[in-house]
Protein chains: 2
Amino acid sequence: MNRIVTAAAHPNLAVVKYWGKADPRLNIPTNSSLSVNLGSARTTTTVSFSPDLEQDVVRLNGAAADDRTAERVARHLDRVRRLAGRTERALVDSTNDFPAAAGIASSASAFAALSLAASRALGLRLSERELSILARQGSGSACRSIPDGFVRWEAGQDDASSYAYQVAPPEHWDLRITTVIFSDQPKEVSSSDGHALAQTSPFFGARLAGLPRTLETVQAALLARDFPRFGLALEREAVNMHAIAMTADVGAAASGLYYWQATTMQLIQQVQAWRRAGLPVYFTIDAGPNVHLFCEAAQQAALEAELARLLPDMRARAIVSAPARGAWVMSEA
Amino acid sequence: MNRIVTAAAHPNLAVVKYWGKADPRLNIPTNSSLSVNLGSARTTTTVSFSPDLEQDVVRLNGAAADDRTAERVARHLDRVRRLAGRTERALVDSTNDFPAAAGIASSASAFAALSLAASRALGLRLSERELSILARQGSGSACRSIPDGFVRWEAGQDDASSYAYQVAPPEHWDLRITTVIFSDQPKEVSSSDGHALAQTSPFFGARLAGLPRTLETVQAALLARDFPRFGLALEREAVNMHAIAMTADVGAAASGLYYWQATTMQLIQQVQAWRRAGLPVYFTIDAGPNVHLFCEAAQQAALEAELARLLPDMRARAIVSAPARGAWVMSEA
């Protein structure tokens, strides 16, 4: 009955951001969000439960996980055990094939893969919606790495109504997302702290009020494959989210929450210049300095040539993704 | 009766920004603002009226002014002529001792000096308030370069109620303001366009709602010489204003109004780091990329040493000001 299950999931990149929690315990967000799974980054997680284990054992990228991570994983395994009515402890072995501080949220792919592997290892057959809810409980945006392709996370009001679902399959639109990694410094303020501080911005209420329209614009442009409309809207949305961060009240330690660095700003300006010069590329930025560039597949070569000119040492440090599937089982034994 | 008058004025730097016009024709702002005159930058303007002139002649920094500038000056001279009931045309010769694109608004010192010189040349003896109103009609923030020291521009409701007055004399507080000039590119979007776009930001209403409290905080900290409180508030205010710019709707040309460049962001981060390391310095940024650093006089040497380390080629390109007087007459003949 106890199986060894290996599951994988891609991280996802939000084009309409999750920023602020209505319920921090359940990771219920203050707004719905929209994302795409990033095909060139992946977490692979193997889970096996055993009555012989005294406690959960968590390995991350080939080494013992730090206490905080191990504790967070154990709490998530508790959720799965409760669902299955089981008590055995587990061995969890998880690896990411992308750098920790790439500006790609590894907690999303990690908790998506963990939710799928652990639930299957205990014999559960959760629906996509149930898996999405479970993943969300572990790390909010992980719920978006469960469905395939372009995904909407409906904020909902409670545990049962806050989950993600597919808006369009990965093959709907042949986009390319270039994650430009120029900083691998761990960020000074985590996304969790950013969520907690969001509501201290004087602009947070106005952001929330505008989000339904932003979501509809981005989703409609996505479904219509209207790239300029999609790109401009997602770019404005990213800046809107960072304006909330920058105007947050972080006390006397700093005047705001600044995720951007010099190269972030350079790329923000450069993207505007590329478009003026006829190269249709748009950016988004998550809770960190690195920049993600969107273009249609036909423009990817031109964009990479531009990037190589602009940041010669960056060439090897860009991850180019296409829209990708959601979490999947790689093996069961 | 026709005199040759030379007047001078310092530019001023806002610690609570003017961003958005309630009446674009009269330059009545949507909010009150607070500034300090910058002692190490100056516009000097000589005006002489003559019945022999067919039209106004405007020289700027030793050369004929471009048509747009000349026209703007002529319209301002029309205001002075109306006040004096006179019709003679004038010769205007104006020079700035600071670079055009330093991130210091030369239109403020220019229209303050012009208002004083032209009114005196026609024999008018305007009060400080009248001069401030006249200067505002030429260029909004010019009204703040009329009074001495630390100055508040009361937004008012109409032409008569929108003027600037002294909050504290220059000697009230021995601050140093270091204008770090790393870009002398003319900005792509003028302040005037920025003002016009301000109200397209989804956050503009929230900014306006918060400004009375910001003004009281900054003014109270100024009067109490509470530097950490003053600094943090002015820094947050600058970022608030730039968040409005960045989230403005500029159409399809760009996703927002980005005045910042890579070095701007580097300095924003560096200022936070300096404070963490015990150097009390705060920034503000106007409608351009360059950064103005505030510290108390005792810290100026330490700040300059840090700047020299950080930006070795910048040393000669920083302007260090103390709070200064308002517009004054240099000579009358």
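Just so it is clear, the structure is predicted and the values come from calculations on it, not from any experiment. (Residues numbered from 1 in each chain as written. Chains lettered and ligands numbered in written order. Predicted model: local features only at pLDDT ≥ 70, side-chain atom pairs only at ≥ 80, totals over all residues. Heavy atoms only, no water.)

Colleague: Just give me the short version of the overall build of chain A, but keep the residues and values in it.
Modeller: Counting secondary structure elements, chain A contains eight helices and 16 strands. For a compact globule of 333 residues, the expected C-alpha radius of gyration is about 20 Å, and chain A comes in at 19 Å, within 12% of that figure. On the principal axes, the C-alpha backbone points of chain A span a range of 65 × 40 × 35 Å. The buried share of chain A, taken over its 333 residues, is 56%. For chain A, restricting intrachain contacts to residue pairs at least 6 apart in sequence, the fraction spanning at least 24 positions comes to 75%. In chain A, 33 side chains carry a positive charge and 33 a negative one; their mean positions are 3 Å apart. (Helix = DSSP H or I, 4+ residues; strand = E, 2+ residues; numbered from the N terminus. Rg over C-alpha atoms; globule rule 2.2 N^0.38 Å. Buried < 20%, exposed > 50% of the residue type's maximum accessible area, 1.4 Å probe, protein only. Contact = heavy atoms within 4.5 Å. Lys, Arg positive; Asp, Glu negative; His and termini not counted. Charge placed at Lys NZ, Arg CZ, Asp CG, Glu CD.)

Colleague: With reference to specific residues and values, describe the environment of B:Asn2.
Modeller: Residue and element names in this part refer to chain B. Tracing the backbone through its elements, the reader meets Asn2 in the segment before β1 (4-9). The exposure class of Asn2 is partly exposed, given its relative accessible area of 32%. Sequence separation of Asn2 and Arg129 is 127 residues, and the distance between their C-alpha atoms is 24 Å. Apart from the residues lying within four places of it in its own chain, the contact partners of Asn2 are Phe49, Ser50, Pro51, Arg86, Glu88, Ala121 and Leu122.

Colleague: So, the packing of helix α1 (residues 67-84) of chain A against helix α2 (residues 106-121) of chain A: which residues are in play, and what are the values?
Modeller: Residue and element names in this part refer to chain A. One way to put it is that α1 packs onto α2 with a least axis distance of 10 Å and a crossing angle of 40 degrees. Between α1 and α2, the angle is such that the two are oblique. The handedness of the crossing between α1 and α2 is right-handed. Side by side, α1 and α2 meet where Arg72, Val73, His76, Leu77 and Val80 of the first sit next to Ser107, Phe111, Leu114, Ser115, Ala118 and Ser119 of the second. A class-by-class count of the residues in the contact of α1 with α2 yields six nonpolar, four polar and one charged. (Axes fitted to C-alpha atoms, helices over the stretch in contact; angles between N-to-C directions. Parallel < 35°, antiparallel > 145°, perpendicular 65-115°, else oblique. Left-handed = near helix turned anticlockwise from the far one by under 90°. Nonpolar A, V, L, I, M, F, W, Y, C, P; charged D, E, K, R; others polar.)

Colleague: Lay out the interface of chain A and chain B in plain terms, naming residues and giving numbers.
Modeller: On the chain B side, the residues contacting the 34 residues of chain A number 34 residues. Counting each side, the surface lost to burial between chain A and chain B is near 2,700 Å², with a carbon and sulfur contribution of 62%. Together, A:Phe203, A:Arg236 and A:Tyr258 form the three largest contributors to the area buried by chain A at its contact with chain B, with a combined 23%. Counting the contacts that link chain A with chain B gives zero salt bridges. Our count for the chain A to chain B interface comes out at 14 residue pairs in polar contact (both at pLDDT 80 or more). Only α5 (204-223), α6 (227-246) and α7 (262-276) of chain A provide two or more residues apiece to the side of chain A that touches chain B. Of the residues assigned to the side of chain A that touches chain B, the class counts are 19 nonpolar, eight polar and seven charged. (Buried area = accessible area lost by both parts, 1.4 Å probe. Salt bridge = Lys/Arg side-chain N within 4 Å of Asp/Glu carboxyl O. Polar contact = N/O pair within 3.5 Å; in protein donor to acceptor, adjacent residues only side chain to side chain.)

Colleague: Talk me through the pattern of salt bridges; I want residue IDs and the actual numbers.
Modeller: Pairing of side chains with opposite charge becomes possible as their charged atoms draw close. All names here are of chain A. For the coordinates displayed, the defined rule picks out 31 salt bridges over all chains. Its salt-bridge partner being Arg81, residue Asp78 comes within 2.8 Å of it at the nearest N-O pair. Of the two residues, Asp78 and Arg81 are both situated in helix α1; the distance of three residues between them amounts to about one turn of the helix. Classification of Asp78 by relative accessible area gives partly exposed; the value is 27%. For Asp78, the salt bridge identified is with Arg89, shortest N-O distance 3.8 Å.

Colleague: Any chance you could break down the sheet that holds strand β5 (residues 33-37) of chain A for me, citing the residues and the numbers?
Modeller: All names here are of chain A. Taken together, the four strands give an open sheet; going across it, the order is β2-β5-β10-β11, and neighbouring strands pair in antiparallel fashion. Among the strands making up the open sheet, the edge pair consists of β2 (12-16) and β11 (163-168). Along the sheet, successive strands turn relative to each other by an average axial angle of 35 degrees, direction set aside. When β5 meets strand β10 (residues 150-154), the two strands line up antiparallel, connected through four bridges. From the neighbouring strand, Leu34 faces β10, where its bridge partner is Arg152. Its contacts with the sheet put helix α3 (residues 128-138) on β10 and β11, and the angle it makes with β11 is roughly 125 degrees. (Pairing = 2+ DSSP bridges.)

Colleague: Quick one: what's the story with helix α8 (residues 300-310) of chain A, residue by residue and with numbers?
Modeller: All names here are of chain A. Considered for burial, the residues of α8 that qualify are Gln300, Leu303, Leu307 and Ala308. The arc that holds every buried residue of α8, seen down its axis, measures 135 degrees, which confines them to one face. Summarising the geometry of α8, the exposed residues directed more than 90 degrees from the buried face are Ala301 and Arg309. Looking at the packing, one finds that the buried side of α8 touches β12 (175-180), α7, β14 (291-296) and β15 (318-321). (Arc of directions from axis to C-beta.)

Colleague: Break down the relation of the copies chain A and chain B for me, with residues and values.
Modeller: Least-squares fitting of chain A to chain B yields an RMSD of 0.0 Å, with the superposition described by an axial translation of 0.0 Å and a rotation of 180 degrees. Read as a symmetry element, the transformation amounts to a two-fold axis. Among all residues of chain A, the one whose C-alpha sits closest to the rotation axis is A:Ala262, at a distance of 2.0 Å. Comparing contact sets, 100% of the residues at the interface of chain A also lie at the interface in chain B, consistent with an isologous, same-surface contact. (Least-squares fit on C-alpha atoms with pLDDT ≥ 70 in both.)

Colleague: Tell me about the packing of aromatic side chains, and please be specific about residues and values.
Modeller: All names here are of chain B. Counted according to the given criterion, the structure contains 13 aromatic pairs over all chains. Here Trp19 and Tyr259 contribute two aromatic rings whose centre-to-centre distance is 6.0 Å and whose plane-to-plane angle is 80 degrees, an arrangement assigned as edge-to-face. In this pair, Trp19 is assigned in the loop between β2 (12-16) and β3 (21-23) and Tyr259 in the loop between α6 (227-246) and α7 (262-276), connecting sequence segments 240 residues apart. Exposure class is identical for Trp19 and Tyr259. Each is buried. (Phe/Tyr/Trp six-rings, centres within 6.5 Å; stacked < 30°, edge-to-face > 60°.)

Colleague: Summarise the side chain of B:Thr284; cite the residues concerned and give the values.
Modeller: Residue and element names in this part refer to chain B. With respect to the element layout, Thr284 can be found in strand β13 (residues 282-285). A polar side-chain atom of Thr284 sits 2.8 Å from a polar atom in the side chain of Lys17. Once you skip the residues sitting within four places of it in the chain, Thr284 turns out to touch Leu13, Ala14, Lys17, Leu234, Ala238, Val291, His292 and Phe294.

Colleague: For the environment of A:Thr95, give the residues involved together with the corresponding values.
Modeller: Residues and elements named next belong to chain A. Looking at where Thr95 falls in the secondary structure, it is placed in strand β9 (residues 89-96). Considered as a pair, Thr95 and Leu60 are 35 residues apart in the sequence and their alpha carbons are 5.7 Å apart. Setting aside residues up to four positions removed in sequence, Thr95 forms contacts with Arg42, Thr43, Thr44, Asn61 and Gly62.

Colleague: An account of the pairing of strand β5 (residues 33-37) of chain B is needed here, citing residue identities and associated values.
Modeller: All names here are of chain B. For β5, the buried fraction is high: five of the five residues fall into the buried class. Burial along β5 is two-sided: Ser33, Ser35 and Asn37 and Leu34 and Val36, pointing in opposite directions, are all buried. As paired strands, β2 and β5 are joined by four bridges and run antiparallel to one another. Within the sheet, the bridge partner assigned to Asn12 lies in β5 and is Asn37.

Colleague: Report on the nonpolar core, specifying residues and quantitative values.
Modeller: Ranked by size, the top nonpolar core spans 65 residues in total, and within it A:Phe283, A:Leu293 and B:Leu293 carry the most contacts. Residue contributions to this core peak at seven residues, all from α6(A). Excluding its chain neighbours within four sequence positions, the residues that come into contact with B:Leu293 are B:Arg176, B:Ile177, B:Thr178, B:Val180, B:Val271, B:Trp274, B:Val281, B:Tyr282, B:Phe283, B:Leu303 and B:Leu307. (Core = buried A, V, L, I, M, F, W, Y, C linked by side-chain atoms within 4.5 Å.)

Colleague: Describe the side chain of B:Ser35, naming the residues involved and giving the relevant values.
Modeller: Residues and elements named next belong to chain B. Locating Ser35 in the fold gives a position in strand β5. Of the polar contacts made by the side chain of Ser35, one reaches the side chain of Arg144; its length is 3.3 Å. In contact with Ser35, not counting residues within four places along its chain, are Asn12, Leu13, Ala14, Val15, Arg144, Gly149, Phe150 and Val151.

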